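Fold and contact review
The primary structure of each chain is shown beneath.
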Amino acid sequence: MTGKCLIIGAGGVAGVAVHKCCQNSEVFKEIMIASRTKSKCDALKNQLQGKTSTIIHTAQVDADNVDEVITLINSFKPDVVLNLALPYQDLSIMEACLATKTHYVDTANYEPLDTAKFEYKWQWAYRERFKEAGITALLGSGFDPGVTGVFCAYAMKHYFDEIHYIDILDCNGGDHGYPFATNFNPEINIREVSAKGKYWENGKWVETEPMEIKREYDFEGVGMKDIYLLYHEELESLAQNIKGIKRIRFFMTFGQSYLTHLKCLENVGMTSIEPVMFQGNEIVPIQFLAAVLPDPASLGPRTHGKTNIGCIIQGVKDNKPVTYYVYNICDHQECYKEVGSQAISYTTGVPAMIGAMLIMQGVWDKAGVFNIEEFDPDPFMEALNKWGLPWQECFDPKLVD
Ligand code: NDP
């Protein structure tokens with residue numbers, strides 16, 4: 001391994017990952033930041049150059065174009081490509097990794113532009129080809145998916161013989177002061193929360209209307225919040241990889257203002273992914289909406305409060321029932337002071353760096369396409385404590401009914 005990492009994308013998450021790679025120069029000796037808009041890559045480089053011994057390069061790339069990505073990989077020769085562009089680019093970047101025999105890491109599953117399904121099938125279809133090429137694709141190395149899968153694997157390894165129930169709780173207690181804004185890419189975020197809810201129970205998926213199931217939970221560091229059941233992509237892989245699982249659900253907090261705005265935008269058609277004609281041009285309403293909403297990368301200085309994301313896991317060990325809650329609390333302003341971003345980008349960018357690091361170091365070393373819970377969780381858990389996302393455990397948590 002050469003210590004070279006190609007980072008594709010220069011948005012909120014990539015900004016944090018780049019900062020973290022530059023704090024970790026021993027592993028990340030040289031990085032290339034490449035994105036559609038090169039000036040954003042250059043701005044990141046200018047922030048960090050001189051403050052790190054990591055050598056930083058930048059380039060323009062359209063990651064939808066496989067040949068462009070291949071040319072870039074061949075010129076830089078990285079050990080790993082860290083894909084922090086959008087889910088639409090996953091397959092073209094995976095193709096380029098295959099062509100150049102380069103490891104691949106991302107934080108979100110592939111999405112075709114015209115559907116919003118959050119399914120791994122397109123990426124899992126690459127399993128044999130990655131295996132034959134002798135390279136690793138690590139899928140979903142953000143927080144959720146990402147750390148939540150590592151939490152489950154860690155629980156399975158250390159505390160359970162069998163896991164029966166998992167509730168993933170994603171609480172953002174942050175306030176950015178806007179009536180409506182999304183904490184990461186607006187298009188992806190809105191597609192996710194306006195989709196139908198879904199959870200896995202007794203061997204099958206149970207579908208709900210969007211936001212149909214609501215509970216309350218008292219989060220450490222944040223307080224009492226409304227949580228809503230959503231479908232989230234890690235449910236698909238965890239339902240397969242955690243043997244014996246009877247039910248797995250995902251809940252996220254939303255404030256009333258966010259939900260009221262979202263409902264209104266939905267009602268007037270602004271969240272649609274169907275193209276419409278506007279003044280002679282075809283536009284996609286949700287893309288236009290994303291263009292007028294605040295840039296998530298600009299929320300950092302305005303966001304106060306904490307996130308608390310974790311998993312409540314129930315099962316048995318030595319024939320005795322066990323309940324285990326593992327979670328991370330992250331403070332928006334602390335993140336901003338450290339890397340100039342709010343906690344949502346931070347909690348995604350740090351695990352992205354850690355996933356790339358473990359592959360570059362050869363600690364996670366197997367050929368094929370894998371979700372994060374399929375690797376040994378221990379080195380990742382240790383790295384979370386070291387690189388800014390310390391976790392806490394509790395064996396007597398309040399449950400979600
Ligand atoms: P942003 O919109 O802030 O950034 C996306 C970046 O990708 C931009 O720099 C954009 O370029 C670039 N990009 C888009 N299309 C292309 C292309 N065709 N070629 C090259 N570059 C391209 O998104 P975020 O940083 O908020 O999110 C990044 C990823 O992280 C997303 O996939 C998101 O789903 C995922 N995510 C995962 C989470 C997790 O916990 N697992 C949580 C949050 C996000 P330009 O600047 O020109 O627009």
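Every value quoted in this text rests on a predicted model; they were computed, and no experiment measured them.

Let us look at the nonpolar core. Grouped together as the largest cluster of nonpolar side chains are 91 residues, with contacts concentrated most on F28, I31, I166 and I354. With 11 residues, helix α13 (residues 343-360) is the single largest residue contributor to this core. For F28, the residues in contact, after removing those within four places along its chain, are G3, C5, C21, T54, M353, A356, M357 and M360. Core analysis: the second largest hydrophobic core is formed by 30 residues, I8, V61, L98 and Y104 among them.

Neighbouring the ligand are 28 residues, the closest being R36, T37, K40, A63 and N185. Within the backbone of A63, one N or O atom sits 2.8 Å away from a nitrogen atom of the ligand. One of the side-chain nitrogen or oxygen atoms of N185 is found 2.7 Å away from an oxygen atom of the ligand. Across the complex, the protein chains shield 92% of the 930 Å² of accessible surface that the ligand would expose by itself. Residues that form the shell around the ligand fall into these classes: 13 nonpolar, 10 polar and 5 charged.

Looking now at the pattern of salt bridges. In this structure the tally under the stated criterion is 15 salt bridges. Connected via shared salt-bridge partners are K157, D376 and D378.

All right, on to helix α4 (residues 90-100) then. Most of α4 is tucked away: 9 of the 11 residues are buried. Listing the buried residues of α4 in full gives D90, L91, S92, I93, M94, A96, C97, L98 and T100. Among the residues trailing α4, K101 stands out with phi positive, at a value near 55°.

Looking now at helix α11 (residues 285-292). For α11, the set of buried residues is P285, I286 and L289. End-on, the buried residues of α11 take up no more than an arc of 95°, which puts them together on one face. Packed against the buried residues of α11 are α8 (186-193), α10 (256-267), β13 (276-278) and β14 (281-283).

Our next topic: the packing of helix α3 (residues 66-76) against α4. It is the contact of α3 with α4, at a shortest axis distance of 9 Å, that shows an interaxial angle of 45°. Comparing the axis directions of α3 and α4 gives the class oblique. Viewed along their axes, α3 and α4 form a crossing whose handedness is right-handed. Between α3 and α4, the contacting residues are V66, V69, I70, I73 and N74 on the first element and S92, E95, A96, C97, A99 and T100 on the second. Within the contact of α3 with α4, the residues separate by chemical class into 7 nonpolar, 3 polar and 1 charged.

So, about the sheet that holds strand β2 (residues 30-35). Strand order in this open sheet of 7 strands is β3-β2-β1-β4-β5-β6-β17, and the pairing throughout is parallel. One side of each edge strand has no neighbouring strand; the edge strands of this open sheet are β3 (55-60) and β17 (368-371). Neighbour-to-neighbour, the strand axes of the sheet open up by a mean angle of 20°, direction not taken into account. Strand direction decides the pairing type here: strand β6 (residues 136-139) and β17, joined by 4 bridges, are parallel. Considered in β17, the bridge of L139 is made with N371. Helix α1 (residues 12-23) contacts β1 (4-8), β2, β3 and β4 (80-83) of the sheet and is inclined by roughly 170° relative to β2.

Our next topic: unusual backbone geometry. The omega torsion across D144 and P145 is 10°, close enough to zero to call that bond cis. Relative to the helices and strands, P145 is located in the loop between β6 and α7 (147-158). Positive phi, close to 45°, is recorded for N202, a residue that is not glycine. Looking at the element boundaries, N202 is found in the loop between β8 (197-201) and β9 (204-208). Despite not being glycine, D318 shows a phi value in the positive range, around 50°. Tracing the backbone through its elements, the reader meets D318 in the loop between β15 (306-317) and β16 (320-331). Under the relative-accessibility criterion, D318 is labelled exposed at 54%.

Cut-offs used in this document
- Residues numbered from 1 in each chain as written.
- Predicted model: local features only at pLDDT ≥ 70, side-chain atom pairs only at ≥ 80, totals over all residues.
- Heavy atoms only, no water.
- Core = buried A, V, L, I, M, F, W, Y, C linked by side-chain atoms within 4.5 Å.
- Buried < 20%, exposed > 50% of the residue type's maximum accessible area, 1.4 Å probe, protein only.
- Helix = DSSP H or I, 4+ residues; strand = E, 2+ residues; numbered from the N terminus.
- Contact = heavy atoms within 4.5 Å.
- Near = heavy atom within 4 Å.
- Polar contact = N/O pair within 3.5 Å; in protein donor to acceptor, adjacent residues only side chain to side chain.
- Areas by Shrake-Rupley, 256 points an atom, 1.4 Å probe, with all protein chains shown as cover.
- Nonpolar A, V, L, I, M, F, W, Y, C, P; charged D, E, K, R; others polar.
- Salt bridge = Lys/Arg side-chain N within 4 Å of Asp/Glu carboxyl O.
- Arc of directions from axis to C-beta.
- Axes fitted to C-alpha atoms, helices over the stretch in contact; angles between N-to-C directions.
- Parallel < 35°, antiparallel > 145°, perpendicular 65-115°, else oblique.
- Left-handed = near helix turned anticlockwise from the far one by under 90°.
- Pairing = 2+ DSSP bridges.

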